[in-house]
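Coordinates in review
What follows is the residue order along each chain.
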Amino acid sequence: MSDQITLLGLESSCDDTAAAVLRGVPGQRAEILSSVVAGQTELHAPFGGVVPEIAARAHAEKLDTCVEEALTEAALSLNDIDAIAVTAGPGLIGGVLSGVMCAKGLALGLGVPLIGVNHLAGHALTPRLTDGVDFPYLMLLVSGGHCQFLIAHGPEEFTRLGGTIDDAPGEAFDKTARLLGLPQPGGPSVEAEARTGDAKRFRFPRPLLDRDGCDMSFSGLKTAILRTRDQLVAEHGGLHVTDRADICAGFQAAVVDVLSEKTRRALGVYLQINPDSPTLAVAGGVAANGAIRAGLETVCADLDVAFTAPPLSLCTDNAAMIAYAGMERFATGGRDDMTLVARPRWPLDQSAPALLGGGRKGAKA
Ligand code: KG4
Ligand code: ZN
């Protein structure tokens, strides 16, 4: 088909270096020809969090090999690429800069269009790539660095209904795991422990549930867990296996309650504006959590709202979502030139007030 294009996407805004090749007709469905992600978990592990300078250097080293791998996997060469899409923010500035410079070099060398993409738009548009979901829909982005409700009206048109004012939920899972001596990433290890725990033994706080609106807070939960752990250690000289499982179950239940109730409220607002064939889409690493997914599914079933969650490999940071967001921008004539800048902050909804929290992985919105 003549109006089909092949687009290379690059992602380097946090601790994953990624390249992907997509083919499709802009504005319609696209096929993922390849998607390569090189993580940096081991590089940052000794520091207990992402170190921006280490991340930037690793991106600069890995970007070209990721591009090469993505092309090989797609059985294509650089000459087959019709446009380059790149994350231009928000994120850790050194990493974003590495990606933008690489994309500029490729676009200039190949003489093809350059398209700067908002990383959050990449996540928020993923349900269109994976399930062909039509606009509008409500999106819950929930990961180690993001937590917000967005109404997606169009490829570059979003309304934020609320978000975390401090930590992201993934960050809370990771901190809880660290406090209990469980391996990172904390999400899967806390979820596994929680399976055998008694969620009712400890009643952890449900921050901001008593307040109207869709804003959330997770940092107080971590403090409550620290206190409970210290109290148990002081009383019994250590943590028993059951203590750990019960803390994990109690913590997870609190996160499920907060996310479910805030989703119910966000859907209430959304349904008033868009009552026809509503859909809730969820993305981000935390969407892998079975209890959270079940909580969200229950809310959607109660309100007669369709629920969709992309496969995990496309929920977490990747370049296929960036290439797809680039394709959506391409369809509406979106193009950048060599003046494209890397932006550490870049809210999807420019009219919404800034959220207070930045999260472990840097300021996002
Ligand atoms: O989307 P992601 O790969 O990266 C960003 O944060 O951008 O999300 C990673 C986060 C980590 O904090 C990890 O602990 C959390 O997602 N996560 C989970 C689960 N699997 C990963 N949280 C809860 N339950 C899980 N099963
Ligand atoms: Zn992300």
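Please read all numbers here as calculations on a predicted model, not as lab measurements.

Considering the state of the cysteines
- Under the defined criterion, the tally for this structure stands at zero disulfides.
- Cys 66 provides the cysteine sulfur closest to Cys 102, a residue in no disulfide bond, and the two sulfurs are 9.6 Å apart.
- Unpaired in this structure, Cys 214 has its nearest cysteine sulfur neighbour in Cys 147, at a distance of 11 Å.

What to know about the packing of helix H8 (residues 241-273) against helix H9 (residues 290-303)
- Viewed as axis vectors pointing N to C, H8 and H9 meet at an angle of 30°, and their least axial separation amounts to 9 Å. The orientation of H8 with respect to H9, classified from their angle, is roughly parallel. Crossing of H8 against H9: the hand is right-handed. Of the residues in H9, those touching H8 at Gln 252, Val 255, Val 256, Leu 259, Ser 260, Thr 263, Arg 264, Leu 267 and Leu 271 are Ala 291, Ile 292, Gly 295, Leu 296, Val 299, Cys 300, Asp 302 and Leu 303.

Describing the packing of helix H4 (residues 119-131) against helix H11 (residues 320-331)
- The interhelical angle for the contact between H4 and H11, taken along N-to-C directions, is 85°, at an axis separation of 8 Å. One finds that H4 runs roughly perpendicular with respect to H11. Contacts from His 119, Ala 121, Gly 122, His 123, Leu 125, Thr 126, Arg 128 and Leu 129 of H4 reach H11 at Ala 320, Met 321, Ile 322, Tyr 324, Ala 325 and Glu 328.
- For the contact of H4 with H11, a count of residues per class yields eight nonpolar, four polar and two charged.

Digging into the packing of aromatic side chains
- In the structure shown here, the tally under the stated rule is three aromatic pairs.
- Ring centres of Phe 135 and Tyr 137 lie 5.9 Å apart, and the angle between their planes is 10°; this geometry places the pair in the stacked category.
- A residue is classified by how much of its surface remains accessible, and Tyr 137, at 0% relative accessible area, is buried.
- On the basis of an interplanar angle of 25° and a centroid distance of 6.0 Å, the ring pair of Phe 202 and Phe 204 is categorised as stacked. Accessibility assignment for this pair places Phe 202 and Phe 204 in one class, buried.
- Looking at Arg 335, its charged tip hangs above the ring of Phe 330, at a distance of 3.7 Å from the centre.

Quick look at the sheet that holds strand S1 (residues 5-11)
- Spatially, five strands are ordered S3-S2-S1-S4-S5 in an open sheet, and the strand pairing comes out mixed. The sheet is open, and its two borders are formed by strand S3 (30-39) and strand S5 (114-118), each paired with just one other strand. Strand-to-strand twist across the sheet, computed as the mean angle between neighbouring axes with direction ignored, equals 20°.
- Strand contacts of helix H2 (residues 52-74): S1, strand S2 (16-24) and S3, with the helix running at about 30° to S2, the strand carrying the most contacts.

Topic: the coordination of the zinc ion (ligand 2)
- Taken together, His 119 (NE2), His 123 (NE2), His 146 (NE2) and Asp 317 (OD) make up the protein donors of the zinc ion (ligand 2), found 2.1 to 2.3 Å from the metal.
- The coordination sphere of the zinc ion (ligand 2) comprises four donor atoms, whose angles at the metal cover 87 to 159°; the geometry is irregular.
- Between the donor residues of the zinc ion (ligand 2), the gaps in sequence give the motif H-x3-H-x22-H-x170-D. Linking His 119 in helix H4 with His 146 in the loop between strand S6 (137-142) and strand S7 (147-154), this pair joins segments that are 27 residues apart in sequence. Note on accessibility: His 119 and His 146 belong to one class, buried.

Here's the deal with H11
- Between its first and last C-alpha, H11 extends 16 Å over twelve residues, near the 16 Å set by a 1.5 Å rise per residue.
- Most of H11 is tucked away, with eleven of its twelve residues classed as buried.
- Among all positions in H11, only Ala 320, Met 321, Ile 322, Ala 323, Tyr 324, Ala 325, Gly 326, Met 327, Glu 328, Arg 329 and Phe 330 are buried.
- A positive backbone phi angle near 85° is found at Gly 333, which sits one or two residues after H11.

Topic: the layout of surface pockets
- Estimated volume of the second largest pocket: approximately 250 Å³.
- Forming the walls of the second largest pocket are 18 residues, and the residues nearest its centre are Gly 116, Asn 118, Glu 156, Arg 329 and Trp 346.
- Counting only elements with at least two residues in the lining of the second largest pocket, the list comes to S5, H4 and H11.
- Among the residues forming the lining of the second largest pocket, the class breakdown is eleven nonpolar, three polar and four charged.
- Viewed by domain, the lining of the second largest pocket spans two of them, domain 1 (5-131 + 317-347) and domain 2 (137-312), each represented by three or more residues.

Quick word on the pairing of S2
- The element S2 is extensively covered by neighbouring structure, given that eight of its nine residues are classed as buried.
- Summarising the sheet, S1 and S2 pair through seven bridges and their orientation is antiparallel. Counterpart to Leu 10 in the pairing with S2 is Ala 19.
- The turn linking S1 back onto S2 is made up of four residues.
- The turn joining S2 and S3, which pair antiparallel and follow one another in sequence, is formed by five residues; a positive phi near 90° is taken by Gly 27.

Scoring rules and cut-offs
- Residues numbered from 1 in each chain as written.
- Chains lettered and ligands numbered in written order.
- Predicted model: local features only at pLDDT ≥ 70, side-chain atom pairs only at ≥ 80, totals over all residues.
- Heavy atoms only, no water.
- Disulfide = S-S within 2.5 Å.
- Axes fitted to C-alpha atoms, helices over the stretch in contact; angles between N-to-C directions.
- Helix = DSSP H or I, 4+ residues; strand = E, 2+ residues; numbered from the N terminus.
- Parallel < 35°, antiparallel > 145°, perpendicular 65-115°, else oblique.
- Left-handed = near helix turned anticlockwise from the far one by under 90°.
- Contact = heavy atoms within 4.5 Å.
- Nonpolar A, V, L, I, M, F, W, Y, C, P; charged D, E, K, R; others polar.
- Phe/Tyr/Trp six-rings, centres within 6.5 Å; stacked < 30°, edge-to-face > 60°.
- Buried < 20%, exposed > 50% of the residue type's maximum accessible area, 1.4 Å probe, protein only.
- Lys NZ or Arg CZ within 6 Å of the ring centre and 35° of its normal.
- Pairing = 2+ DSSP bridges.
- Donors = N, O, S within 2.8 Å, 3.2 Å for Na, K, Ca; no water.
- Tetrahedral: all angles 85-135°; square planar, octahedral: opposite > 155°, others 65-115°.
- Expected span 1.5 Å × (residues − 1).
- 1 Å grid on protein atoms, 1.4 Å probe; cavity = no way out; pocket = protein on both sides within 12 Å on 5 of 7 lines; lining within 4 Å.
- Points joined across faces, edges and corners; volume = space filled by probe spheres on them.
- Domains from an automatic or database assignment.

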